[in-house]
Each structure stands twice: as structure tokens, then as C-alpha cells.
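Each chain is listed here by its residues.
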Amino acid sequence: MSFEIYDRRTVLRLGTATMATLSTAGCLGGQSSSAQTVTMPGDLTFDPKTATSKPGESVTWTNESDIEHTVTAYEDEIPDAAAYFASGGFESERAARNRITEGLIAPGESYEHTFDQPGTYGYFCIPHEGSEMVGTVRVR
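As the structure is a computational prediction, the values presented were derived from the model and not from experiment.

## Comments concerning the overall build of the protein chain
Move 1: Regarding its fold elements, the protein chain presents 3 helices and 7 strands.
Move 2: For the protein chain, with 140 residues in total, the buried portion stands at 34%.
Move 3: In the protein chain, the share of contacts with a sequence separation of at least 24, taken over all contacts with a separation of at least 6, comes to 63%.

## Some remarks on the sheet that holds strand 6 (residues 119-124)
Move 1: In spatial order, the strands read 2-7-6-4; together these 4 strands make up an open sheet with mixed pairing. In this open sheet, the two strands that pair with only one neighbour each are strand 2 (50-53) and strand 4 (72-73).
Move 2: When strand 4 meets strand 6, the two strands line up antiparallel, connected through 2 bridges. If you follow Ala73 over to strand 6, its bridge partner there is Tyr123.

## Observations regarding the side chain of Ser65
Move 1: Within the fold, Ser65 resides in the loop between strand 3 (57-63) and strand 4.
Move 2: From its side chain, Ser65 meets the backbone oxygen of Ile67 in a polar contact 3.0 Å long.
Move 3: Within the structure, the side chain of Ser65 is placed 3.0 Å from the side chain of His69, a separation counted as a polar contact.
Move 4: Aside from chain neighbours lying at most four places away, what touches Ser65 is Met40, Pro41, Gly42 and Pro107.

## Section: the pattern of salt bridges
Move 1: Tallied over the entire structure, the rule returns 3 salt bridges.
Move 2: Notably, a salt bridge pairs Arg97 with Glu93, separated by 3.1 Å at the nearest N-O pair. With Arg97 and Glu93 both in helix 3 (residues 93-98) and 4 residues apart, the pair spans about one turn of that helix.
Move 3: Since its relative accessible area comes to 33%, Arg97 is described here as partly exposed.
Move 4: You can call Glu93 buried: its relative accessible area is 13%.

## Topic: the nonpolar core
Move 1: In this structure, Phe46, Trp61, Val71, Phe85 and Val137 are the most contacted members of the largest nonpolar core, which totals 29 residues.
Move 2: Where this core is concerned, the elements lending two or more residues are strand 1 (34-40), strand 3, helix 3, strand 5 (110-115), strand 6 and strand 7 (134-139).
Move 3: Discounting chain neighbours no more than four positions away, the residues touching Trp61 are Val38, Met40, Phe46, Val71, Phe85, Glu109, Ser110, Tyr111, His113, Phe115, Tyr123 and Val137.

## Looking at the pairing of strand 3
Move 1: With respect to burial, strand 3 is a largely interior element, 6 of its 7 residues being buried.
Move 2: The pairing of strand 3 with strand 5 spans 6 bridges and is classified as antiparallel. When the sheet's bridge partners are listed, Ser58 is paired in strand 5 with Thr114.

## With respect to the environment of Gly88
Move 1: Secondary-structure assignment places Gly88 in the loop between strand 4 and helix 3.
Move 2: Here Gly88 falls in the partly exposed class, since its relative accessible area comes to 48%.
Move 3: The sequence separation of Gly88 and Glu102 amounts to 14 residues, and the corresponding C-alpha distance is 5.5 Å.
Move 4: Residues within four places of Gly88 in sequence aside, it is in contact with Glu102 and Gly103.

Thresholds applied
- Each chain carries its own residue numbering, running from 1 in the written order of its sequence.
- Per-residue local features of the predicted model are confined to residues with pLDDT of at least 70, and side-chain atom pairs are confined, for both listing and counting, to 80 or more; whole-chain, interface and lining totals are unaffected and use all residues.
- As a rule here, side-chain values cover all heavy atoms of the structure and leave hydrogens and water aside.
- Labels follow the DSSP assignment, with helices taken as runs of H or I lasting at least four residues and strands as runs of E lasting at least two, numbered in each case from the N terminus.
- Whether a residue is buried, partly exposed or exposed follows from its accessible area with a 1.4 Å probe, protein chains only, as a fraction of its type maximum: under 20%, in between, or over 50%, in that order.
- Only heavy atoms enter the contact rule, under which two residues are in contact if any of them lie within 4.5 Å.
- We call two strands paired when DSSP finds no fewer than two bridges between them.
- Contacts described as polar in this section are N or O atom pairs within 3.5 Å, which, within protein, must combine one atom able to donate a hydrogen with one able to accept it, while residues neighboring in sequence count only if both atoms come from side chains.
- By definition here, a salt bridge exists when the distance from a side-chain nitrogen of Lys or Arg to a carboxyl oxygen of Asp or Glu is within 4 Å.
- Among buried residues, the Ala, Val, Leu, Ile, Met, Phe, Trp, Tyr and Cys ones that are joined through side-chain atoms within 4.5 Å form a nonpolar core.

Structure follows, in C-alpha cells:
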């Protein structure tokens, strides 16, 4: 990244909008499209349990525990027009359950999904579903 140095006279001639653009130009490249981050701490939960997003924005799940987890949508708990989502890229809940090892998120790793349709999405962690490791994403 290169920076230019402007003398006082040049700066005074630049308009406010131009200065705002120059002052933020270097910051924009690192921005994420993620509207919400959900963590998977060491207590077999999703935090927050309910995430909120807008259509077209992403939710990122980050595994902060020392064991592997999945993010797997309940097929009957997503809007009719919505795309199915699961870590591992599966197209159905059945496929995710049948090939669980391909969807595991290792400690320190993340999974991201962009929600295009408004509605409520229920999801869970396959290995820890019995321990009530479930969550919800609300897209408004």
C-alpha cells in the first residue's frame, strides 16, 4: 500500500468529501461482509444463540473450543425459498448427517454463510445436538 503526502495548500483545495475518501481508503479493503459473528465456546453452545442479519449479509461461525463442531441447518426450519446451508457445503440435512466428518469445523477455524432470504433459520451441531447445541439466525 502506498501513501501520498500532500502539502497544506493541496489539502486546503480538496473538498471535504475528497478528504473523507482519502482518509478511509486504506481501511476499506479489510472490511468483512459479515453482519454477525457467532462463536462456539467450550460449553457446547452457540453464542449468541440467536443471531440477526439482513438479506445479503453473512454470518460467520468461529470455533473457539478445543473440539470439532458443525453448523448444520434443520431443513424444516429454514424459509421455503432459502438455500440449504451446512459446514462442509452439503445440499441437504441428510447428506450432512451421513458425511459428518466432511463438515467438522476444527478448533480455531470458521464457517461463513450468506443469507439471501428473510426469515428464521434453525441450525445445530451434529455431534452435540443431544446436548442442545442449537441456534437460530433471523434475517430481516
